[in-house]
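What follows is the residue order along each chain.
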Amino acid sequence: MAAQPKVVVIGAGIVGCALADELTERGWTDVTVLDQGPLFATGGSSSHAPGLVFQTNPSKAMTEFAAYTVAKYRELTLDGEWCFRPVGGLEVATTPERVEELKRRAGFAASWGVRGRLLGPDECVTLHPLLDREQVLGGFHTPDDGLAKAVRAGEAQARRAMARGARFLGGHTVTGIASAGGRVSGVATDQGDFPADLVVSCAGFWGPRIGRMAGLTVPLVPLAHQYARTTPLAALAGVNSEALEASRPILRHQDRDLYFREHVDRLGIGSYAHRPLTVDVDRLPDGMAMPSVLPFTEEDFAPAWQDARTLLPALGGAKVEEGINGVFSFTPDGFPLLGEAPELRGFWVAEAVWVTHSAGVARVLAQWLVDGEPGTDVHECELNRFDPVQLAPAYVRRRSCQNFVEVYDILHPLQPMEEPRPLRVSPFHARQRELGAVFLEAGGWERPHWYEANATLPEVAEVPERGAWASRYWSPIAGAEALAVRARVGLFDMTPLKRLEVSGPGALPFLQYLTSNQLERPVGSVTYTLLLAESGGVRSDLTVARLGADRFQVGANGPVDLDWFRRHLPVDSAVQVRDITGGTCCVGVWGPLARELVQPLTEADFSHRGFGYFKAKEAFVGEVPVTAMRLSYVGELGWELYTSADLGQRLWDTLWRAGQPLGVLAAGRSAFNSMRLEKGYRSWGADLTAEHNPYEAGLGFAVRREKGPFLGREALLGLDESRAARRLCPLLLDDPHAVVMGREPVHVDGEPVGYVTSAAFGYSVGASIAYAWLPASVATPGTRVEVEYFGELLPARVAAEPLFDPTMARIRA
């Protein structure tokens, strides 16, 4: 591609305008932005957006997007008029549950560097005098949040981009995406064609229509969201000028799914309290001046209006003067869609992006396009994060609608979606149900977290109690399972983990280049290795089993890894990559009695000498052909046994029957997570991401720079553990009953310096464990720290790892 590619951006809403600004600032000035509507109130979601920007989010990436948006827009003006007003944000609690939730949100803010403070009721009323003091139990104030004028901010950025050479064309309806040789080549419109090296769809709720033109499924649902303005309020008379519009904090009343902002002497009220109102954009009438603004349905707003009047008595004499049902986008998991289409190179999307995150997303996408990497972790937002089953229209619609319903709900980090379920089940599912499995869900898979059949285990009595929040989606049975597996042997369903087959004469060179460890090992070897970005960040961690000279099985983290492999395939067809997850299954057989269970069932040698650690072999277990790998993510002797899906239940039954004299048990993900933290085994996406290099994450052992060239190698030259500025390390909390959940801030000397990634109670070590990122200066064993949990500072200390079986005697038995 030329150093100065032709870029066509579809959509001149705030995201398209911000992207043009960010691209031209980086020297890419051959940028054309097209929109079917007039510039710059184009008729999309930006044109009617109320503009509330709250930065705090459980997601670090989403918070960073919002923080950059605030920093950028507060410096923008358009013809002397403001683009962002930092009036601050105030979230109020009217229930005890919401009071606790605001404490948790204050923790997120501290973890991600957002200024914020918890307030009492009187302080809330001082900040926002329209509040009824009797309704409010507390609040959370973020002084840097505020109001963005979306159309104004969009035009201000567009003008900057045009000054650098970009052009913006309204009244151009896109009719097709041209391509040649699997690569985008242009955009067709009703006003002519535009050649392009890169096309970026920032079309908002029209994104699925543009995606179809490129052969791409864009999984979002347009939904109408109600917004109303009141008649003038006496309480606001003279408070705000016409030019500034607002002076008091933007207000959230999440207990009733409401938010508020000032419009001079009127109040704007947004509601998520109504039923999901899906919109078929293909049925919108042609020629609508504002397609994103639909008629206001008063009956849907009536309950919200009553709730608003209860919280804000000043509304008692007011009426709803005007209202809209404004269309915007929701996705199945609530995150934006960012990235390049898997089947059409050069076609990119930035969809389902709200005003709150617009500039931050644009910056990341511009860096991604210009530099080849986004510059921050975006795995939650990657376009290609969904498996094909998750792209079914019915799935996308139901999950997206549920995200609308839950947008202000208090959601537990383990809380699963309720439907459509069950969707994906392993071949062991029937047996798991017979054992009383309690299923949670991830990626569409039903995943047992514990089994009610284990309620009678004597180890249940050894499991300490924990707080109410940590007790949700948990049972002391899970702790008993962990202890019982350490004493006997357990069966773990590992089927949902992504499995890829990489084969062909070029398979070894292909994997050698994409991963950090040495894979040129004998057939039967298994290697833990890393996928690195060019910058040296850890894109994923993998286990790679060499099952033949030119055949490898790769244990990966999800669809994004598959997409990464496919993007790097050589053009000569010397390598084939196949997702084998759905046609196979896996059971982990782990515990000190694992060999006593498996060896009598096979003629293959499963002795320590005959089947060493990190080795693989093909064998029969009873009548079932398996690929056995001597691995353990829980720190115990054992094997992962893989077979085809049709034989999965037979494999389970064979192991279950044979294991009865040994006290075999089925164990769930909750026990699994506790056991892996006791051993210090990382979970990519939670403990580390592409923001972290291997040495910071304690994974330097998986890097073999001496093997020759591999992706990311150059960025690691000169680095090692001793030069890491931050480290991932285990904390042990002083209080064994205090179990945290992840993303809590970690304080040293009263200041937040890091954050928790994964946490669980370690049943074998008898302590509450929290892994955390900390500055290297304090990441030394024995350092005293405090973990902020629901507003309370819990004493803890940095510990040495691994916490359990540091000599590896059990796993290598």
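Our subject is the structure listed above.
So, a few notes on the structure that sits alongside this text.

Reading the values: the criteria
- Residues numbered from 1 in each chain as written.
- Predicted model: local features only at pLDDT ≥ 70, side-chain atom pairs only at ≥ 80, totals over all residues.
- Heavy atoms only, no water.
- Helix = DSSP H or I, 4+ residues; strand = E, 2+ residues; numbered from the N terminus.
- Rg over C-alpha atoms; globule rule 2.2 N^0.38 Å.
- Buried < 20%, exposed > 50% of the residue type's maximum accessible area, 1.4 Å probe, protein only.
- Contact = heavy atoms within 4.5 Å.
- Salt bridge = Lys/Arg side-chain N within 4 Å of Asp/Glu carboxyl O.
- Expected span 1.5 Å × (residues − 1).
- Pairing = 2+ DSSP bridges.
- Axes fitted to C-alpha atoms, helices over the stretch in contact; angles between N-to-C directions.
- Lys, Arg positive; Asp, Glu negative; His and termini not counted.
- Polar contact = N/O pair within 3.5 Å; in protein donor to acceptor, adjacent residues only side chain to side chain.

1. What to know about the overall build of the protein
Regarding its fold elements, the protein presents 19 helices and 43 strands. Taking 28 Å as the expected radius of gyration for a compact globule of 813 residues, we find that the protein reaches 28 Å, a close match to that expectation. For the protein, the spread of C-alpha atoms along the three principal axes comes to 85 × 65 × 50 Å. For the protein, the residues scored as buried account for 61% of the 813 residues in total.

2. With respect to helix 15 (residues 559-567)
Taken across its 9 residues, helix 15 has 7 buried, putting it largely inside the fold. Those residues of helix 15 that are buried lie in contact with strand 28 (499-503), helix 14 (507-514), strand 29 (526-532), strand 30 (538-548), strand 31 (551-555) and strand 32 (576-579).

3. Observations regarding the pattern of salt bridges
The tally for this structure, following the rule as stated, stands at 55 salt bridges. Residue Glu155 pairs with Arg159 through a salt bridge whose shortest N-O separation is 3.1 Å. In this pair, Glu155 and Arg159 are both assigned in helix 6 (residues 150-163), 4 residues apart and thus about one turn of the helix distant. Between Asp734 and Arg784 there is a salt bridge, with the nearest N and O atoms lying 2.5 Å from each other. With a gap of 50 residues between them, Asp734 in the loop between strand 38 (726-733) and strand 39 (745-748) and Arg784 in strand 42 (residues 784-789) connect regions that are remote in the sequence. On the basis of relative accessibility, which here comes to 42%, the residue Asp734 falls in the partly exposed class.

4. A word on unusual backbone geometry
Omega for the peptide link from Leu39 to Phe40 comes to 5°, which places this bond in the cis form. The residue Phe40 is located in the loop between strand 2 (31-34) and helix 2 (45-48) in this model. In this structure, the amide linkage connecting Glu801 to the following residue, Pro802, adopts the cis form with an omega of 0°. The topology assignment puts Pro802 in the segment after strand 43 (792-798). Even without being glycine, Phe790 reaches a positive phi, approximately 50°. Of note, Phe790 is situated in the loop between strand 42 and strand 43. Positive phi, normally seen in glycine, also occurs at Asp805, with a value near 50°. Relative to the helices and strands, Asp805 is located in the segment after strand 43. Owing to a relative accessible area of 12%, Asp805 belongs among the buried residues under this scheme.

5. Here's the deal with helix 3 (residues 60-73)
For an α-helix, 3.6 residues make a turn, and residues three or four places apart therefore share a direction. Taking 1.5 Å as the rise per residue, helix 3 with 14 residues should run 20 Å; its terminal C-alpha atoms sit 20 Å apart, in good agreement. Of all 14 residues in helix 3, 10 are buried, a share of seventy percent or more. Restricting attention to buried positions, one finds in helix 3 the residues Ala61, Met62, Thr63, Phe65, Ala66, Tyr68, Thr69, Val70, Lys72 and Tyr73.

6. Brief notes about the sheet that holds strand 38
Ordered by their spatial adjacency, 6 strands build a closed barrel running 38-41-40-39-42-43, and the pairing between neighbours is antiparallel. The mean inter-strand angle of the sheet, taken between neighbouring strand axes irrespective of direction, is 45°. Pairing geometry for strand 39 and strand 40 (residues 751-762), over 4 bridges, is antiparallel. Across the sheet, the residue bridging to His747 is Pro752, located in strand 40.

7. Some details on the environment of Val463
Relative to the elements of secondary structure, Val463 occurs in the loop between strand 26 (445-451) and helix 12 (468-471). Given a relative accessible area of 11%, Val463 falls into the buried group. Residues Val463 and Leu131, spaced 332 residues apart in sequence, show a C-alpha to C-alpha distance of 45 Å. Not counting residues up to four positions away in its chain, the partners in contact with Val463 are Trp474, Pro476, Gly479, Ala480 and Tyr763.

8. Some remarks on the pairing of strand 36 (residues 638-644)
Taken across its 7 residues, strand 36 has 6 buried, putting it largely inside the fold. Here 7 bridges tie strand 33 (residues 584-590) to strand 36, and the two strands are oriented antiparallel to one another. Bridge pairing links Cys586 to Tyr642 in strand 36. Pairing of strand 35 (residues 624-629) with strand 36 involves 3 bridges; the strand directions are antiparallel. What sits directly across from Thr627, in strand 36, is Tyr642.

9. Re the side chain of Asp145
Residue position: Asp145 is located in the loop between strand 9 (138-142) and strand 10 (146-148). One buried charge, Asp145, has no salt-bridge partner; the nearest side chain with opposite charge is Arg252, at 6.9 Å. At a separation of 2.8 Å, a polar atom in the side chain of Asp145 contacts the side chain of Gln55. Ignoring sequence-local partners within four residues, the contact set of Asp145 consists of Val53, Phe54, Gln55, Phe84, Arg85, Pro86, Val87, Gly88, Gly89 and Ile250.

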